[in-house]
Amino acid sequence: MKLERNFDILDQNVKENNLKVALSVKRNGQWENFSTDEYKEMVDYFSYGLLAMGFKKGDKILTISNNRPEWNFADMGMGQLGVIHVPVYPNIGPAEHRYILEHSEARIVILSSKEYYDKIKPLADEVPKIEKIFTYDKVNGVPHWSEIVELGKKNKDKYEKELPKIKDSISKDDLLSIIYTSGTTGRSKGVMLTHNNILSNVNASRPLLPVVPGDRWLSFLPLCHVLEREVNYLVQAKGLGVYYVESIDTIGENLNEVHPHGFATVPRVMEKLFDKIMLKGKELKGLKRSLFDWAVNLGMEYEDDPAKRGKAYDFKLKIARKLIFSKWKEALGGEIKVIISGGAALQPRLAKLFSAVGITVAQGYGLTETSPVISVNYGEYPTMQAGSVGPVLSNVEVKIAEDGEILMKGPNLMVGYYKDPEKTKEVIDEEGWFHTGDIGKIENGVLWITDRKKEIFKLSTGKYVAPQIVENRFKESPLIEQILVVGEGEKFAAAIISPNFHYLHGWCFKNGVKFRDNTDLIRHPKVLARYQEEVDRINQTLGRHRQIKKFALTCREWSTETGELSPTLKLKRNQLKKLYKTKLDNLYGYTDDYGDLGLIENTASAKKEEAEK
C-alpha cells in the first residue's frame, strides 16, 4: 500500500497487520495496551469530535505532551481532516512558549499534565486566538481530552459517511505539521512539513530498518522531535507494536519488561549508557575484570569492513560476544536488533563498539527541515561505516558546495518557514537546493559530516577549528560530561568543561579528596591536576591548532532544564558564551575578575605556551 499521508499508515495496519498491541504505555505500574482496531476507533472518534467543534482543513492544534498513545490518536485524528498539528517541546522557556502559542495561531491546546497546564495556562490566557485548553491527564477544573472523543461518539452517525470523503480530499501536499526548531541560535522557526515530506522519508527508510511485523519498539525521545516523529510513523508502517516508557528514569526497567527489538536515541544517551557499562566494569575484580577490559579493547578495534578484521579477530570477537557482550545485550532487553541514533554526531568508537557487541547502530543525518533523514547507516559494510552518516537515501539528492557545505534536494524538503519567506529564501536557493549549514564530504559511497558551518571558527593565526570534532574527542573521557570549545579571533582554542560529577565524586573517594560542595571540588589542586592530565592526554591526539591551551571547570552539569542544552541535547553556544563570559575573558587575559562561579585555568598549558614563545 502506498503511504502518502500519515493516516495511510493506520489504514494499512488495519488491513494487513491487525496487532493485538499496536500501542502501549506504562501507567501507574501497569502496561495499558491498544489493539489496531482500538487505535483506529479512537482516531475516528477524535476526528468526529473535531468536526463537531467546527474544525476544518488548515486549522491548527498545539500539543505539549509526553509520549503516549493519546498523542497518536490526536495526531492521526487531525491528519484525517487536514488539521495541522503543532507539537511543542515542554522544556523550553516561557518566552519561547508564549511566542509559539501566538505565532502558530493554534485554536486549541492539548497538554499532558497538570505540571504543563500550570506553566502554559497563564501564557495561553494572553493569546486571544486560543479558544480552549484540554489535558490528557485528569486535572480538576480543566477540560479532559476525552470530551472531544465523547463528542465524536455522539456525532458518529452525523460524520461517519462524511469522514471518508474528507480523507480522500486530503492531498499528500497538504500541511501535516508545523514543527518549531529547538532554537540553539535564536528564536524558534516554524518548519512547515507536508504529509508527503514525512511519508516520503518513511517510504525511503522502510527497506533499511531490520525489523519485521510483530516486533516491538520502545519509544522515549519526545514525539515532538522530528526524528522520533518520523521513526514513530516508520515502525508503525513496518507493523511493529510501539511501547512508550513510563518516564525517562524507567528506561532500564522498561527495556527488561518489553524486550524491544529497537529504539531511537540521541548520541548523548548512548554516551551515558556506555559510561554506566564502563563504571560497572570497573567494579569487577580479577579474571572478570581482565576479560571485561579485553572485550572492550577488542570492540574498540572493530572494523566494519570484514577484510580489515581478519579471521583471527573474528574468532576473538566470537568469544567476547559469548562471554561479555551477551550480557550487554541482556541489559538492553536481550532482543535488540537496531538502535537508531540521530540529532548530533555519534562518536565513532561507540558505533564500532556496539557493532562489535552485535547491535546495529543506524547513525543517520538530517534536519527538521528535511523531515528529517538525508542519509543513514544500515546493513553491513559498505552501507555501514562507523564515523559516517551512511549512504544518501534513494529519493534524496546531495551535493557538496565549493566551501564544503552539504546541499540537498528531495521530496522530504520542507515547504518553508511559517510566516517567514525571507528566512526560507536564506536556506533554499533559486535552484531549489537546501543549504544545511553542515560541512561534509562524500567518500567511499557514504556521507561524512565534518562540522557545522556556522560553528567553525578561525584563530588569529589563520587556522580553522571545527569545535564539534574537538568536543566529541574530549567527551570520550569519563571525566567530562559536556565541553564548549571556543577561540574565534584568539591565538588559541580554550574550553569550558562541565565535569561528570558522578564519576568525579567516585574518583575523589578513591583518591582521598575531600570537599564541601562542587564549587569547592573544582578548585581542589588534585582535581585540577587530574583534569590537566586528561586534557594533556587528549591534546596529544589532536593537531596543534586544535589543542586546548586553557580551560575552566564549571560547578554543575548542563541540562535542558537549566538552559545550557537544547531539547535535543545540543549545546546552546551563544547562551553558554554569555553565561561563562567572565571565565572566558579570564582565560584569554581580558580580566582578572574570577566572578562567583570559580575559574579554573589550565596553568600548565599556559606556562608551556609562554615557554614555547
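Small disclaimer: the values here were computed from a predicted structure and weren't measured.

Enquirer: Looking at this structure, I do not really get the pattern of salt bridges. What am I missing?
Expert: Any two side chains of opposite charge can pair, on the condition that their charged atoms come close. Under the definition given, this model contains 41 salt bridges. Note that Arg268 and Glu271 form a salt bridge whose closest N and O atoms lie 2.1 Å from each other. Of this pair, Arg268 and Glu271 both sit in helix 12 (residues 267–282), three residues apart, roughly one helical turn. Judged by its relative accessible area of 3%, Glu271 falls in the buried class. Each member of the salt-bridge network shares a partner with another, and the members are Arg27, Glu32, Arg68, Glu70 and Asp137.

Enquirer: Whenever I open this one, the state of the cysteines confuses me. Can you help?
Expert: In a disulfide, the sulfur atoms of two cysteines are held together by a covalent bond. Within this structure, the stated rule accounts for zero disulfides. Looking at the unpaired Cys508, the closest cysteine sulfur is the one in Cys555, lying at 15 Å. Since its relative accessible area comes to 1%, Cys508 is described here as buried.

Enquirer: Can you help me understand the packing of helix 1 (residues 6–16) against helix 10 (residues 226–237) in this one?
Expert: When two helices pack together, you describe them by how their axes are tilted relative to each other and by the distance separating the axes. Two numbers describe how helix 1 lies on helix 10: the axes approach to 9 Å, and their chain directions differ by 25 degrees. Classed by the angle they form, the pair helix 1 and helix 10 counts as roughly parallel. Two packed elements cross with a definite hand, and for helix 1 against helix 10 that hand is left-handed. Here Asn6, Ile9, Gln12 and Asn13 of helix 1 lie close against helix 10, whose contacting residues are Tyr233, Gln236 and Ala237.

Enquirer: What exactly am I supposed to notice about the sheet that holds strand 23 (residues 493–499) here?
Expert: In sheet architecture, strand pairing relies on hydrogen bonds along the backbone and comes in two forms, parallel and antiparallel. Spatially, 22-23-24 is the arrangement adopted by the three strands of the open sheet, whose pairing is mixed. Strands with a single pairing partner mark the edges of an open sheet, and in this sheet they are strand 22 (480–486) and strand 24 (548–553). Mean inter-strand twist for the sheet, computed between neighbouring axes without regard to direction, equals 25 degrees. Here strand 23 runs beside strand 24; their pairing, made up of five bridges, is parallel. From the neighbouring strand, Ile496 faces strand 24, where its bridge partner is Ala552.

Enquirer: Just checking my understanding: could you explain the packing of aromatic side chains for this structure?
Expert: Each pair of aromatic rings is reported with the distance of its centres and the angle of its planes. Evaluation of the coordinates by the stated rule reveals 13 aromatic pairs. Aromatic pair Tyr45 and Tyr48: ring centres 6.3 Å apart, planes at 70 degrees, arrangement edge-to-face. Residue Tyr45 and its partner Tyr48 are located together in helix 2 (residues 36–52), separated by three residues, close to a single helical turn. No difference in accessibility class separates Tyr45 from Tyr48, as the two residues are buried. When the ring of Phe46 is compared with that of Trp145, the centres are 6.1 Å apart and the planes differ by 35 degrees; the resulting orientation is tilted. Taken together, the residues span a long stretch of sequence, with Phe46 in helix 2 and Trp145 in the loop between strand 6 (132–135) and helix 6 (146–154) at a distance of 99 residues. The residues Phe46 and Trp145 share a single accessibility class, namely buried. The lysine or arginine in question, Arg107, covers the ring of Phe55, its NZ or CZ lying 4.0 Å from the ring centre. Lys189 extends its terminal NZ or CZ atom over the ring of Tyr417, reaching a point 5.4 Å from the ring centre.

Basis of the calculations
Residues numbered from 1 in each chain as written. Predicted model: local features only at pLDDT ≥ 70, side-chain atom pairs only at ≥ 80, totals over all residues. Heavy atoms only, no water. Salt bridge = Lys/Arg side-chain N within 4 Å of Asp/Glu carboxyl O. Helix = DSSP H or I, 4+ residues; strand = E, 2+ residues; numbered from the N terminus. Buried < 20%, exposed > 50% of the residue type's maximum accessible area, 1.4 Å probe, protein only. Disulfide = S-S within 2.5 Å. Axes fitted to C-alpha atoms, helices over the stretch in contact; angles between N-to-C directions. Parallel < 35°, antiparallel > 145°, perpendicular 65-115°, else oblique. Left-handed = near helix turned anticlockwise from the far one by under 90°. Contact = heavy atoms within 4.5 Å. Pairing = 2+ DSSP bridges. Phe/Tyr/Trp six-rings, centres within 6.5 Å; stacked < 30°, edge-to-face > 60°. Lys NZ or Arg CZ within 6 Å of the ring centre and 35° of its normal.

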